[in-house]
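Results of the structural survey
Listed here are the chains, written in short residue letters.
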Amino acid sequence: RIARELHDESGQSLTSLKISLDMIRMMIPEEMADIKEGLSDVLDLTDKTMSNLRLLSHNLRPPGLDVYGLDAALEGLCQDMDNHLLFNLHYSGVEIPDLDPLSALSLYRFAQEAITNAAKHAQASEIQVKLRQDSDMIVLIVADDGVGFEPPDLEEYVPASGAGLVGMIERLEMVGGSLQIESKPGEGSRLTAVIPAHKD
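Just so we're clear, the structure is a prediction, and the values are computed from it rather than from any experiment.

**Re the overall build of the protein chain**
From N to C terminus, the protein chain includes six helices and five strands. Going from the N terminus to the C terminus, the protein chain shows its helices and strands as α-α-α-α-β-α-β-β-α-β-β. For the protein chain, buried positions account for 39% of its 200 residues. Considering only residue pairs separated by 6 or more positions, the protein chain has 66% of its internal contacts joining residues 24 or more positions apart. Put simply, the protein chain shows about 11,800 Å² of open surface, and 52% of that area lies on carbon and sulfur atoms.

Structure follows, in structure tokens:
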């Protein structure tokens, strides 16, 4: 409920505020350039606040995940992040029938964390997110064309650094899944989450 209120009510209020500020800015004569510039700064701040509010509501509870399912929720996440980040983000997926809520949320959070990590560290120009079902397994891939890294051996240890990677592993293990990492320095990265389609 809080996530919906933040996204809908507060989001609409900020949109109205932005439109009003923009109209006022256009009415100010050119000789009052300092005031126009000040309003432009306020408009930029309003834009940033709207983006932060949208991400906060996503973090509380992914909009549409319970109603429309994982495929639609991931598509919405990718569209939203594509509009606010400095790279191209592409999504392709399929509907997964009868997916339990915890598995859906775990995969959604995996994608969210993987995209965020790529945005922060990979220096990527393009990210591909793909959801598919292979027999009795659900596969979600997040691949980027960024700088890449030397992946840790997940059989040996859980890396101490990088809470995002640890969080991904823990979320997937909670639903009987696993994380696969393919990456080399200079050759991009490919993170694959695999979970059972139906829990025993």
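**Details of the nonpolar core**
Counting 40 residues, the largest nonpolar core has Leu70, Leu74, Phe110, Ile115, Val129, Leu140 and Leu179 as its most contacted members. Those elements that provide at least two residues to this core are helix 4 (70-84), strand 1 (88-92), helix 5 (101-122), strand 2 (126-134), strand 3 (137-144), helix 6 (163-174), strand 4 (178-183) and strand 5 (189-196). Looking at which element gives the most residues to this core, the answer is helix 5, with ten residues.

**Quick notes on the sheet that holds strand 4**
On the basis of which strands lie adjacent, the open sheet formed by five strands has the order 1-2-3-5-4 and mixed pairing. The open sheet has two edge strands with one neighbour each: strand 1 and strand 4. Each adjacent strand pair in this sheet contributes to an overall mean axis angle of 15 degrees, direction not counted. Where strand 1 lies against strand 2, five bridges are found, and the strand directions are parallel. Across the sheet, Leu89 pairs through a bridge with Ile127, a residue of strand 2. Its contacts with the sheet put helix 4 on strand 1, strand 2 and strand 3, and the angle it makes with strand 1 is roughly 170 degrees.

**Re the packing of helix 4 against helix 5**
Where helix 4 meets helix 5, the axes come as close as 10 Å, and the angle between the chain directions of the two elements is 20 degrees. Judged by the angle between their axes, helix 4 and helix 5 are roughly parallel. Of the two elements, helix 4 crosses helix 5, and the hand of that crossing is right-handed. Contacts between helix 4 and helix 5 pair Leu70, Ala73, Leu74, Leu77, Cys78 and Met81 from the former with Ala104, Leu107, Tyr108, Ala111, Gln112, Ile115 and Thr116 from the latter. Its residues assigned to classes, the contact of helix 4 with helix 5 comprises eleven nonpolar, two polar and no charged.

**Details of unusual backbone geometry**
Unlike most non-glycine residues, Asp98 shows phi in positive territory, near 60 degrees. With respect to the helices and strands, Asp98 occurs in the loop between strand 1 and helix 5. Owing to a relative accessible area of 67%, Asp98 belongs among the exposed residues under this scheme. One non-glycine residue, Ser135, adopts positive backbone phi at about 55 degrees. Mapped onto the secondary structure, Ser135 falls in the loop between strand 2 and strand 3.

**Observations concerning the environment of Glu182**
Its location among the elements puts Glu182 in strand 4. Taking the C-alpha atoms as reference, Glu182 lies 9.1 Å from Phe149; in sequence the two are 33 residues apart. Those residues in contact with Glu182 that lie beyond four places of it in its chain are Gly188, Ser189, Arg190 and Thr192.

**So, helix 4**
Across its 15 residues, helix 4 extends 21 Å between first and last C-alpha, which sits within 8% of the 21 Å expected from 1.5 Å per residue. What helix 4 keeps buried is the set Leu70, Asp71, Ala73, Leu74, Leu77, Cys78, Asp80 and Met81.

**A few points about the environment of Ser20**
Turning to its location among the elements, Ser20 is positioned in helix 1 (residues 2-27). Ser20 gets classed as partly exposed once you look at its relative accessible area, which sits at 37%. Residues Ser20 and Leu43 lie 23 residues apart in sequence; the distance between their C-alpha atoms is 9.9 Å.

**With respect to the pattern of salt bridges**
According to the stated counting rule, one finds five salt bridges in the structure shown. Where Asp134 meets Arg132, a salt bridge forms, and the shortest distance between an N and an O atom there is 2.8 Å. A salt bridge links Arg190 to Glu182; the shortest N-O distance between them is 3.6 Å. The exposure class assigned to Glu182 is partly exposed, which follows from its relative accessible area of 44%.

About the thresholds
Residues numbered from 1 in each chain as written. Predicted model: local features only at pLDDT ≥ 70, side-chain atom pairs only at ≥ 80, totals over all residues. Heavy atoms only, no water. Helix = DSSP H or I, 4+ residues; strand = E, 2+ residues; numbered from the N terminus. Buried < 20%, exposed > 50% of the residue type's maximum accessible area, 1.4 Å probe, protein only. Contact = heavy atoms within 4.5 Å. Areas by Shrake-Rupley, 256 points an atom, 1.4 Å probe, with all protein chains shown as cover. Core = buried A, V, L, I, M, F, W, Y, C linked by side-chain atoms within 4.5 Å. Pairing = 2+ DSSP bridges. Axes fitted to C-alpha atoms, helices over the stretch in contact; angles between N-to-C directions. Parallel < 35°, antiparallel > 145°, perpendicular 65-115°, else oblique. Left-handed = near helix turned anticlockwise from the far one by under 90°. Nonpolar A, V, L, I, M, F, W, Y, C, P; charged D, E, K, R; others polar. Expected span 1.5 Å × (residues − 1). Salt bridge = Lys/Arg side-chain N within 4 Å of Asp/Glu carboxyl O.

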